Amino acid sequence: MSIKRPSVGIESFAELIKQDFYYIDKTGMIKELLENWGKVNLFTRPRRFGKSLTMSMLKSFFEIGTDKNLFHGLAISKETTLCERYMGRYPVISLSLKQVKGKNYESARTQMWNLIKAEAERFDYLQDSDRLNARDKANMMNLSEGIGSLEESLYLMSRLLYKHHGKEVIILIDEYDVPLQKAETNGYYDDMTDLISQFFGYSMKTNDYVLFSVITGCLRIAKESIFTGFNNPKVHTIVDDQYDEWFGFTDEEVRQMLHYYELDEYYETTKEWYDGYLFGTVNVYCPWDVINWCDQLRRSQNRRPQNFWSNTSSNDIVLRFVELADETTKAELEELSEGKSIDKNVQMELTYAEIDKSIDNLWSVLFMTGYLTHCGRNEDSTYRLVIPNREISNLFDRQIRNWFYEKIEGGLDPLFQAFDQHNTADIEENINSCMRDSISFMDGGNTKEMKETFFHGLLLGMLRSRRGWRVQSNREAGNGRADIILTDRTRECGHIIEVKYADSYADLETAARKGFQQIDDALYDDYFRDSDIGQIYHYGIAFHRKKCKVADDSSSGCH
């Protein structure tokens, strides 16, 4: 029997089934929807948690003329009464707004028109309808050519489909909030808000030609923003029990997938890196991560987990977050980095224009978009927020480190001068000053080795920002590898640095001396043996959280 391929990047349900990709059966969501639907149903989930595939599944199930064999053997096929009543019975209008990313309002409006034109072309058969008059057919032709009212286009399309089929229309709109996000970034938020409000209002407010609508997005945009005068949608967020298992993979589903590919030994690693989200009452993994991880393990010799999810967007929300960070925020980040939770009021309804008006709003956005999850709710209705997994922890590490470098760029000159003058006391003071002024760097992990690696990278980045220095990491020298070797051609000198992590503040001096001694014992000076470097300086630098100690070869102790 051939092995099914992991469905990397497949968002078409029909393609996934027909091309025999591995599929985790989520068709039970259709049953739950049909037993609980409202006129407008809004699902908010983080990106890469299966929203687009779910919408494609709904389209394949409901649309007239569907291939019913797509659902053969899947959970929904056992619901014979529902299938007989709903499968392949309704005209479906399906739009994804994820590509509406115009740099200005005019280009974004044009992109929305292009979506309407493409969808209208799917219904060219209406030109042969004996139930539509000449004016109806002309109106439909205008939609396919981008002529008329964009705001009223969905209403008009649904009316004409109803008139032809004699059946109410189902409207599916995926990633509804992307145009608003891009508009806020590019400075035309008010215009886009007006457009989306009317676009939805005409098609979904008291539209007798629509059976129901399903909308997906990352955020629940405040009803005052785009749902003014609109029938309030039935909203299903990440904290609601309904539909909690249909977006994301459950633990059992991940175990089954790993077993199918004979990758059972990677379960613990998969769980550490990609699990950790709590949707409703169900713990889920990020499906994008699990699918890509399984594909990597099958196709590559690389067995190291990757940051799949965090590499699929700019993650600019994290940078916006740290720009507003204050001392309280820094302390809270330290708590999160240590695997602890912080209590926060989560605002489930926001407009994009409000996001960075306060740090509290940004905490809410980080939660709703998947950078944080929760591990329970307190009696005062606050949520206990946590970092979900290793992948997101690494993301925060990287983004905050980038912020740190930007924050202190230009302020490192005193540190560079301290190295120029071989002034160990000033080197120590300037490194400590940089760390005091920055957001905590989370200690870099759970093991001592990981912490040393973290601070090694931190120091390496600081030193490499000085032009004219050649800064190398983990170079073979003498009887081992030196952590950092700095060559200063201007002054014809070299600096060898060994980084250590101390178990406590009290142990900093001992750890620094140990690093300094290692340079001598391992004969790292041999690196410069065949060069014209005249003077070589040694430094043992030990870190514990936000403090360091430096030992060098010009004194008998630490500064």
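Reading the values: rules and limits
- Residue positions are given per chain, counted from 1 along the sequence in the order it is written.
- In view of the model being predicted, local features appear only for residues whose pLDDT reaches at least 70, and side-chain atom pairs are presented and counted only at 80 or more, with totals across whole chains, interfaces and linings using the full set of residues.
- Note that water and hydrogens are dropped before the side-chain values are worked out from all heavy atoms of the structure.
- Two cysteine sulfurs form what is called a disulfide whenever their separation falls within 2.5 Å.
- The buried label goes to any residue with under 20% of its type's maximum accessible area, the exposed label to any with over 50%, and the partly exposed label to all in between, with areas taken from a 1.4 Å probe on protein chains only.
- Planes of paired rings set the category: under 30 degrees apart is stacked, over 60 is edge-to-face and the rest tilted, where pairs are Phe, Tyr or Trp rings (Trp by its six-membered ring) whose centres lie within 6.5 Å.
- Charges are assigned to positions over rings by a cutoff of 6 Å between ring centre and Lys NZ or Arg CZ, combined with an angular limit of 35 degrees from the ring normal.
- Being paired, for any two strands, means DSSP has found at least two bridges between them.
- Helix and strand assignments follow DSSP, with helices taken as H or I runs no shorter than four residues and strands as E runs no shorter than two, numbered in order from the N terminus.
- Lines fitted to the C-alpha atoms define the axes, with helices restricted to the stretch that makes contact. Angles between their N-to-C directions range from 0 to 180 degrees.
- Contacts between residues were defined by any pair of non-hydrogen atoms, one from each residue, lying within 4.5 Å.
- Nonpolar cores were defined as sets of buried Ala, Val, Leu, Ile, Met, Phe, Trp, Tyr and Cys residues, with membership established by side-chain atoms within 4.5 Å.
- Confidence scores per residue from the predictor, reported as pLDDT, run from 0 to 100.
- Every case where a carboxyl oxygen of Asp or Glu lies within 4 Å of a side-chain nitrogen of Lys or Arg is listed as a salt bridge.
- When describing relative orientation, an angle under 35 degrees is termed roughly parallel and one over 145 degrees roughly antiparallel, while 65 to 115 degrees is termed roughly perpendicular and anything else oblique.

Enquirer: Can you help me understand the state of the cysteines in this one?
Expert: What is meant by a disulfide is a covalent connection between two cysteines, made through their sulfur atoms. Under the definition given, this model contains zero disulfides. Cys218 supplies the cysteine sulfur nearest to Cys286, a cysteine that is in no disulfide, at a spacing of 11 Å. Left without a disulfide partner, Cys375 is nearest to the cysteine sulfur of Cys286, which lies 19 Å away. Given a relative accessible area of 39%, Cys375 falls into the partly exposed group.

Enquirer: Is there a simple way to think about the packing of aromatic side chains in this case?
Expert: Here a ring pair, both rings aromatic, is described through the centre-centre distance and the interplanar angle of the planes. Counted under the stated rule, the structure contains 35 aromatic pairs. Among the aromatic residues, ring-to-ring pairing joins Phe13, Tyr23, Trp37, Phe61, Phe62, Phe71, Tyr86, Tyr90 and Phe212 into one connected group. Note that Arg47 overlies the ring of Trp309, its terminal NZ or CZ placed 4.1 Å from the centroid. Above the ring of Trp288, the side-chain terminus of Arg48 is found at 3.9 Å from the ring centroid.

Enquirer: Honestly, the sheet that holds strand E5 (residues 234-236) in this entry has me stumped. Any pointers?
Expert: Adjacent strands of a sheet pair through backbone hydrogen bonds, lying either parallel or antiparallel. The strand order across the open sheet formed by five strands is E2-E3-E4-E1-E5, and the pairing between neighbours is parallel. Two strands close off the open sheet at either side, each with one partner strand: strand E2 (92-96) and E5. Adjacent strand axes in the sheet meet at a mean angle of 10 degrees, parallel and antiparallel pairs treated alike. For strand E1 (residues 40-44) and E5, the ladder comprises three bridges, and the chain directions are parallel. Directly across from Asn41, in E5, lies its bridge partner Lys234.

Enquirer: It is not clear to me how the environment of Phe247 should be interpreted in this structure. Could you clarify?
Expert: The residue Phe247 is located in the loop between E5 and strand E6 (249-250) in this model. Along the sequence, Phe247 and Arg85 sit 162 residues apart, while their C-alpha atoms lie 25 Å from each other. Setting aside chain neighbours within four positions, we find Phe247 in contact with Met29, Phe43, Arg45, Phe49, Gly50, Lys51, Thr54, Phe279 and Val284.

Enquirer: Could you clarify how one ought to interpret the nonpolar core in this entry?
Expert: Formed by 96 residues in total, the largest nonpolar core has its most connected members in Ile116, Met157, Met192, Met257, Trp363 and Leu366. Dropping the residues within four chain positions of it, Leu366 is found in contact with Ile317, Val318, Phe321, Tyr371, Leu372 and Phe396. Residues Leu16, Leu70, Met87 and Leu211 belong to the second largest nonpolar core, which totals 35 residues.

Enquirer: I tried to follow the confidence of the model for the protein chain on my own but got confused; where do I start?
Expert: Close reading of the predicted structure is inappropriate where its pLDDT is low. Residues at a pLDDT of 70 or more form 92% of the protein chain, whose mean pLDDT is 90. Predicted confidence for residues 555-559 stays below pLDDT 50, and this span has 17 contacts to residues more than four positions away or in other chains.

Enquirer: Would you explain the pattern of salt bridges in this entry?
Expert: Think of it this way: side chains of opposite charge can pair up when their charged atoms draw near. Counted by the stated rule, this structure contains 24 salt bridges. Residue Arg466 is joined to Asp420 by a salt bridge in which the shortest nitrogen-to-oxygen separation is 3.0 Å. Placement of the pair is Arg466 in the loop between helix H20 (448-464) and strand E12 (469-477) and Asp420 in helix H18 (residues 413-420), with a sequence separation of 46 residues. Taking relative accessible area as the criterion, Asp420 reaches 22% and is therefore assigned partly exposed. Three or more residues are tied together by salt bridges with common partners; here these are Asp251, Arg255, Lys271 and Asp275.

Enquirer: Would you take a moment to explain the packing of helix H5 (residues 105-121) against helix H6 (residues 134-144) for this structure?
Expert: The description of two helices packed together rests on the angle between their axes and the distance between the axes. Contact geometry of H5 with H6 gives a least axis separation of 7 Å together with a crossing angle of 130 degrees. Relative to H6, the element H5 is oriented oblique. Packed against H5, whose contacting residues are Trp113, Ile116, Lys117, Ala120 and Glu121, the element H6 presents Met140, Leu143 and Ser144 at the interface.

Enquirer: How should the pairing of strand E8 (residues 282-285) be read in this particular structure?
Expert: Across a regular strand the side chains alternate sides, sitting on one face of the sheet and then on the other. Note that E6 and E8 share two bridges and pair antiparallel. Bridged to Phe249 within E8 is Tyr285. With three bridges connecting them, strand E7 (residues 277-279) and E8 associate as antiparallel partners. Directly across from Tyr277, in E8, lies its bridge partner Val284. As consecutive antiparallel partners, E7 and E8 are separated by two residues, and within that stretch Gly280 has a phi angle of approximately 60 degrees, a positive value.

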